[in-house]
Amino acid sequence: MTTMIDISRPLQTGVPTWPGDTPFSYEVSWTKEQSGSVNVGKLTMSIHTGTHVDAPFHFDNEGRKVMDLDMELYIGPARVIDLSGKSSIGAEDLKAYDIDGITRLLIRTNSWSNPQEFPTEITYLRGDVGPYLAEKGIRLIGVDVPSVDPLDSKELSAHHTLHANDIHILEGINLAHIAPGDYELIALPLPLVEADGSPVRAILRSLK
Ligand SMILES: Nc1ccccc1C(=O)C[C@H](N)C(=O)O
Ligand SMILES: [Zn+2]
Ligand SMILES: [Zn+2]
């Protein structure tokens, strides 16, 4: 039997959001009493809240929208590696890990220590990761922080180098309870035709 492990961050009132961005809100906008039959919910949120994927349109006006992304990359074998305790991660840091023959790589940085608050500093990826990961055949990268770049970055070098190397970005996964190793990842974006990204329900399944 395969075990399913949730690596999504719960979406609820007060969930940390990017400073200045739209706060998360869920409300029943039409109650069962009002409609006579059902409770109907209304959701307001920034797409970059909790566990989500970025579409290239997020940082490139000409980039693809979420509907145009390669859906098969969000389902399949993935390797979790632990790189806790680093302020940033570049090709040099990744050389210590066996990531050959892997399409999906999830990096545990453990640098978002209080999930109740938006972090002030995170482990970020350096600009040389794009070509290095592409050379290894990686097509999707997942991180346990709100961004692959430093929080105050305007150039977004990691986003751009990943995109330039055709590597899809999954952000804000929760890997605190995950042991490094191989799993099956499922983290499907919603079919949002115009969007710059999408929240996802991300899970890992053990391969045994
Ligand atoms: N929501 C924001 C508001 C302002 C400035 C950046 C963001 C981001 O979301 C950037 C981050 N790299 C992200 O993809 O989640
Ligand atoms: Zn994002
Ligand atoms: Zn991002």
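Per chain, the residues get numbers from 1 upward, laid out in the order the sequence is written. Written order decides the labels, with chains lettered from A and ligands numbered from 1. At least 70 in pLDDT is required for a residue's local features to be given in this predicted model, at least 80 for side-chain atom pairs to be given and counted, and no such filter applies to totals for whole chains, interfaces and linings, which use all residues. Hydrogen atoms and water are omitted, and side-chain values are computed over all heavy atoms in the structure.

(A) Structural context of the UniProt feature "active site" (unreviewed entry) in the protein. UniProt positions are given in the numbering used here, feature names are shortened, and annotations may be inferred rather than shown by experiment. Per the UniProt record, the feature "active site" (unreviewed entry) sits at His58. Think of it this way: any DSSP run of H or I at least four residues long counts as a helix, any run of E at least two long counts as a strand, and we number them from the N terminus. With respect to the helices and strands, the residue histidine 58 is situated in the loop between strand S4 (52-54) and strand S5 (75-82). By definition in these notes, contact holds between two residues if any of their heavy atoms fall within 4.5 Å. Dropping the residues within four chain positions of it, histidine 58 is found in contact with His48 and Asp196.

(B) Just the coordination of the zinc ion (ligand 2), in detail. Metal donors were taken as nitrogen, oxygen and sulfur atoms no farther than 2.8 Å from the ion, or 3.2 Å where the ion is Na, K or Ca. Water is excluded, so coordination may look unfinished. The protein atoms that coordinate the zinc ion (ligand 2) are His48 (ND1), His52 (NE2), Asp54 (OD) and Glu171 (OE), at distances spanning 2.0 to 2.3 Å. Taken together, the six donor atoms surrounding the zinc ion (ligand 2) define angles of 56 to 179 degrees at the centre, an arrangement classified as irregular. All donors to the zinc ion (ligand 2) come from one chain, and their sequence spacing reads H-x3-H-x1-D-x116-E. A separation of 3.2 Å is found between the zinc ion (ligand 2) and the zinc ion (ligand 3), which are bridged by aspartate 54. Between buried and exposed lies partly exposed: a residue is buried under 20% and exposed over 50% of the maximum accessible area for its type, with that area taken using a 1.4 Å probe on protein chains only. For aspartate 54, a relative accessible area of 4% gives the class buried. Donor angles set the geometry label: tetrahedral for four donors if every angle is between 85 and 135 degrees, square planar for four and octahedral for six if opposite donors exceed 155 degrees and the others are between 65 and 115, irregular for anything else.

(C) Examining the nonpolar core more closely. Of all hydrophobic cores here, the largest spans 28 residues; its most connected members are Leu94, Leu105, Ile107, Leu125, Leu133, Ile141 and Leu162. For this core, the elements supplying multiple residues, two or more each, are helix H2 (91-94), strand S7 (104-108), helix H3 (129-136), strand S9 (140-143) and helix H4 (157-164). Ranked by residue count, the leading element in this core is H3, at three residues. Buried residues of nine kinds, namely Ala, Val, Leu, Ile, Met, Phe, Trp, Tyr and Cys, make up a nonpolar core once their side-chain atoms join them within 4.5 Å.

(D) View of a nonpolar patch on the surface. Any residue with relative accessible area above 30% and no salt bridge may belong to a patch, with like charges joined within 9 Å and the nonpolar Val, Leu, Ile, Met, Phe, Trp and Tyr side chains within 5 Å. Per-residue and other accessible areas follow the Shrake-Rupley method at a 1.4 Å probe size, with only the shown protein chains counted as cover for residues. Criterion for a salt bridge: a side-chain nitrogen of Lys or Arg within 4 Å of a carboxyl oxygen of Asp or Glu. A contiguous nonpolar patch, built from Tyr26, Val28 and Leu43 and spanning about 290 Å² of accessible area, is present on the exposed surface. By the element assignment, leucine 43 lies in strand S3 (residues 40-44). For leucine 43, a relative accessible area of 54% translates into the label exposed.

(E) Local environment of the site of ligand 1. In the vicinity of ligand 1, the residues found are Trp18, Asp21, His48, His52, Asp54, His58, Pro146, Ser147, His159 and Glu171. Residues adjacent in sequence count toward polar contacts only when both atoms are side-chain atoms; beyond that, a polar contact is any pair of N or O atoms within 3.5 Å, and within protein one must be able to donate a hydrogen and the other to accept it. One of the side-chain nitrogen or oxygen atoms of aspartate 21 is found 2.7 Å away from a nitrogen atom of ligand 1. Side-chain polar atom of histidine 159 to a nitrogen atom of ligand 1: 3.1 Å apart, as the coordinates give it. Burial of ligand 1 by the protein amounts to 77% of the accessible area it has alone, namely 360 Å². A breakdown of the residues in the shell around ligand 1 according to their chemical character gives two nonpolar, five polar and three charged. For this description, a residue counts as near a given molecule or strand if any of its non-hydrogen atoms is within 4 Å of it. Each residue is assigned to one class: nonpolar for Ala, Val, Leu, Ile, Met, Phe, Trp, Tyr, Cys and Pro, charged for Asp, Glu, Lys and Arg, and polar for all the others, Gly among them.

(F) Layout of the coordination of the zinc ion (ligand 3). Looking at the metal site, the zinc ion (ligand 3) is ligated by Asp54 (OD), His159 (NE2), Glu171 (OE) and Glu171 (OE), spaced 1.9 to 2.5 Å from it. Counting the intervening residues between successive donors of the zinc ion (ligand 3) yields the motif D-x104-H-x11-E.

(G) Region of the structure containing the environment of aspartate 68. On the secondary structure map, aspartate 68 appears in the loop between S4 and S5. Residue classification places aspartate 68 among the partly exposed positions, given a relative accessible area of 41%. Distance in space between the C-alpha atoms of aspartate 68 and alanine 55 is 8.6 Å, their sequence separation being 13 residues.

(H) The side chain of serine 88, seen in detail. One can find serine 88 in strand S6 (residues 88-89). Polar side-chain contacts of serine 88 include one of 2.7 Å to the side chain of arginine 126. Excluding its chain neighbours within four sequence positions, the residues that come into contact with serine 88 are Asp93, Thr123, Tyr124 and Arg126.

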